[in-house]
Amino acid sequence: MFRLLLAVALAACLSLPARADDQAIRGVISAQIDAFLADDVETAFTFASPTIKQIFGNPERFGQMVRQGYPMVWRPDSVRFLSIEDRGGRLFQTVMIRDGAGALHLLEYEMIPGEDGWKIDGVRLLKPSDGTA
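The following refers to the structure shown. (Residues numbered from 1 in each chain as written. Predicted model: local features only at pLDDT ≥ 70, side-chain atom pairs only at ≥ 80, totals over all residues. Heavy atoms only, no water.)

1. Focus: the packing of aromatic side chains
The full count for this structure, using the stated rule, is four aromatic pairs. Plain terms: the ring middles of Phe 45 and Phe 62 are 5.3 Å apart, the flat faces sit at 50° to each other, and that makes the pair tilted. With Phe 45 in helix α3 (residues 41–46) and Phe 62 in helix α5 (residues 59–69), this pair connects stretches of sequence that are 17 residues apart. Given a relative accessible area of 9%, Phe 45 falls into the buried group. Consider the rings of Phe 56 and Phe 62, whose centres lie 5.8 Å apart with planes at 70°: the pair is edge-to-face. The same class applies to Phe 56 as to Phe 62, namely buried. By way of ring pairs, the aromatic residues Phe 36, Phe 45, Phe 56, Phe 62 and Trp 74 are connected into one cluster. Sitting above the plane of the Phe 45 ring, Lys 53 keeps its charged end 6.0 Å from the centroid. Across from the ring centre of Trp 74, 4.9 Å away, lies the NZ or CZ of Arg 67, which sits over that ring. (Phe/Tyr/Trp six-rings, centres within 6.5 Å; stacked < 30°, edge-to-face > 60°. Helix = DSSP H or I, 4+ residues; strand = E, 2+ residues; numbered from the N terminus. Buried < 20%, exposed > 50% of the residue type's maximum accessible area, 1.4 Å probe, protein only. Lys NZ or Arg CZ within 6 Å of the ring centre and 35° of its normal.)

This is the structure:
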């Protein structure tokens, strides 16, 4: 499993050149993770898209979802940004997170432009292709 994740990470590093928005997108994701680490769900909620805000309604419910559904995002040990992919005008940032127990997780952040910068419109956990490496 580790070798598979490492291979994905290396391939991502060799992908397309960085776009101007890459740093801004990574900054938004980093700032949200920093807010989670500080138990500041109100700030973390500000990085969510209007759709995500509507779904969860308030920062507390949003924070509860992240704690329960994405504990590796709530308390990551390390975060590494991999590739960004453009799919029909929507950008997807792949992130490798090591949790506190040392397990590696690949997540895909869907990003959309907002009036005041990039917003996170969803996160999904990527599964390894077949578990072998």
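2. Description of the sheet that holds strand β2 (residues 90–99)
Pairing within the open sheet is antiparallel, and its four strands lie in the order β1-β2-β3-β4. For this open sheet the edge positions go to β1 (76–87) and β4 (117–126), each flanked by a neighbour on one side alone. Taken pair by pair, the neighbouring strands of this sheet meet at an average axis angle of 25°, ignoring direction. Both β2 and strand β3 (residues 104–114) contribute to a ladder of eight bridges, which runs antiparallel. Following the sheet pairing, Arg 98 is matched in β3 by Leu 104. Packing of helix α2 (residues 22–37) onto the sheet brings it into contact with β1, β2, β3 and β4, and relative to β1 it is tilted by some 145°. (Pairing = 2+ DSSP bridges. Axes fitted to C-alpha atoms, helices over the stretch in contact; angles between N-to-C directions. Contact = heavy atoms within 4.5 Å.)

3. Concerning the nonpolar core
By size, the foremost hydrophobic cluster in this structure holds 27 residues, and its most contacted members are Ile 29, Phe 62, Val 73, Tyr 109 and Met 111. Of all the secondary-structure elements, those providing two or more residues to this core are α2, α3, α4 (50–56), α5, α6 (71–74), β2, β3 and β4. Ranked by the residues each element gives to this core, the list is headed by α2, at six residues. The contact partners of Met 111, leaving out residues within four places of it in the chain, are Ile 25, Val 28, Ile 29, Arg 90, Leu 91, Trp 118, Lys 119 and Ile 120. (Core = buried A, V, L, I, M, F, W, Y, C linked by side-chain atoms within 4.5 Å.)

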